[in-house]
Amino acid sequence: MAWLRSLLYMVFLVVTVIPYAIACILWAPLPLHWRYKLTVGWPRLAIWGARVFCGIRWQIKGAENLPDGGCILLSKHQSAWETLFFPAHMPREVCYVYKKELHMLPFFGWGLALLRMIPIDRSKGRDAFEQVIRQGKVRLEEGRWPLLFPEGTRVAPGKTARFKMGGALLASRTGAVVIPVAHNAGECWRRNAFVKRPGMITVSIGPAIESQGISPDELNAKVQDWIEGEMRQLNPERYAQQRPA
């Protein structure tokens, strides 16, 4: 049954993304705010479809920690679900840092390219990071929230990867506060898994961490400590075997 529901969901995504991509091109002349609002209708639809077809529900914990002003979101990364959830359900426009090649993807990439986020050219090496700093500063000044996944790739539930420094360095260079985010989306939607499993995803938003007055290394360590500590609260059974006897 899970396989059939997942198949129906995949058909739903394919059938809806094509007309949405065409619509994105048609409303490209509109101001950015309206383009964003209209375009994220598809991620919102995808999150809704995951609930209807696959039984994937969600809840937010710690929403009161989201600031009224600018911030940088640094999030756990377990699945594709959260990449759809954040633009659809955050109170401010979010800007992903991603490789520019994604713009070449049919349909999905077209809509992404029109949202003026933070695409980087990885062939530039160290200069790619300076692109993140320059564009991230502009996006913050526009009132938008840069969003990075410090682990750099999707990590299986119960596992962690080394937190990369990009988000902490961006915060230190701009003076923006960091909001750490933990979630357990991988329990329902595994990396590269076709079958989606029903369940409740908790998106836990942590308290703001100031970037001023501490080094990027210290900031990065604070972010990782909070996220990984919260992951142990969300799914303690995943970490039980790692505890010392």
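Residues numbered from 1 in each chain as written. Predicted model: local features only at pLDDT ≥ 70, side-chain atom pairs only at ≥ 80, totals over all residues. Heavy atoms only, no water.

An unreviewed UniProt entry lists the protein chain under the name Probable 1-acyl-sn-glycerol-3-phosphate acyltransferase, with Bordetella petrii as the source organism. Heading Pathway (unreviewed entry) of the UniProt record for the protein chain holds this comment: "Lipid metabolism." (UniProt positions renumbered as here; feature names shortened; annotations may be inferred.)

Enquirer: Honestly, the state of the cysteines in this entry has me stumped. Any pointers?
Expert: Two cysteines whose sulfur atoms are joined by a covalent bond form what is called a disulfide. Counted by the stated rule, this structure contains zero disulfides. No disulfide involves C24; its sulfur sits 16 Å from the nearest other cysteine sulfur, which is in C95. No disulfide involves C54; its nearest neighbouring cysteine sulfur is the one of C188, lying 9.5 Å away. (Disulfide = S-S within 2.5 Å.)

Enquirer: Which parts of the structure should I look at to understand the nonpolar core?
Expert: Inside soluble globular proteins, nonpolar side chains tend to come together where they are buried. Counting residues in hydrophobic clusters, the biggest one holds 40 residues, and the most contacted among them are Y9, I56, L73, W81, F86, M90 and M117. Counting only elements with at least two residues in this core, the list comes to α1 (2-26), α3 (41-54), α4 (81-89), β3 (94-99), β5 (145-148), β6 (178-183) and β7 (199-205). Looking at which element gives the most residues to this core, the answer is α3, with five residues. Those residues in contact with M117, other than ones at most four positions away along the chain, are Y36, V94, C95, Y96, Y98, L112, Q135, R139 and R144. I133, A168, I209 and M231 belong to the second-largest nonpolar core, a separate cluster that totals 21 residues. (Core = buried A, V, L, I, M, F, W, Y, C linked by side-chain atoms within 4.5 Å. Buried < 20%, exposed > 50% of the residue type's maximum accessible area, 1.4 Å probe, protein only. Helix = DSSP H or I, 4+ residues; strand = E, 2+ residues; numbered from the N terminus. Contact = heavy atoms within 4.5 Å.)

Enquirer: Hey, could you run me through the pattern of salt bridges in this one?
Expert: Pairing between side chains of opposite charge can happen when their charged atoms approach one another. A full pass over the atoms with the stated rule returns 10 salt bridges. The shortest N-O distance in the salt bridge between E228 and K76 comes to 2.9 Å. With E228 in helix α8 (residues 216-234) and K76 in the loop between β2 (72-75) and α4, the pair connects residues that are 152 residues apart, well separated along the chain. When the shortest N-O distance is used, the salt bridge between E142 and R116 registers 3.3 Å. Of this pair, E142 sits in the loop between α6 (126-141) and β5 while R116 sits in the loop between α5 (108-113) and β4 (118-120), and the two are 26 residues apart along the sequence. (Salt bridge = Lys/Arg side-chain N within 4 Å of Asp/Glu carboxyl O.)

Enquirer: Just to check I follow, could you spell out the UniProt feature "transmembrane region" (unreviewed entry) in the protein chain for this structure?
Expert: Feature annotation in UniProt places "transmembrane region" (unreviewed entry) on residues 6-28, given in this structure's numbering. In this annotation, residues 6-28 is assigned 91% helix and 0% strand; the end-to-end C-alpha distance for the span is 32 Å.

Enquirer: I keep staring at the environment of G206 and nothing clicks. Help me out?
Expert: Position of G206 relative to the elements: it lies in the loop between β7 and α8. Taking the C-alpha atoms as reference points, G206 and I179, separated by 27 residues in sequence, lie 6.1 Å from one another. Dropping the residues within four chain positions of it, G206 is found in contact with N65, I179, P180 and W226.

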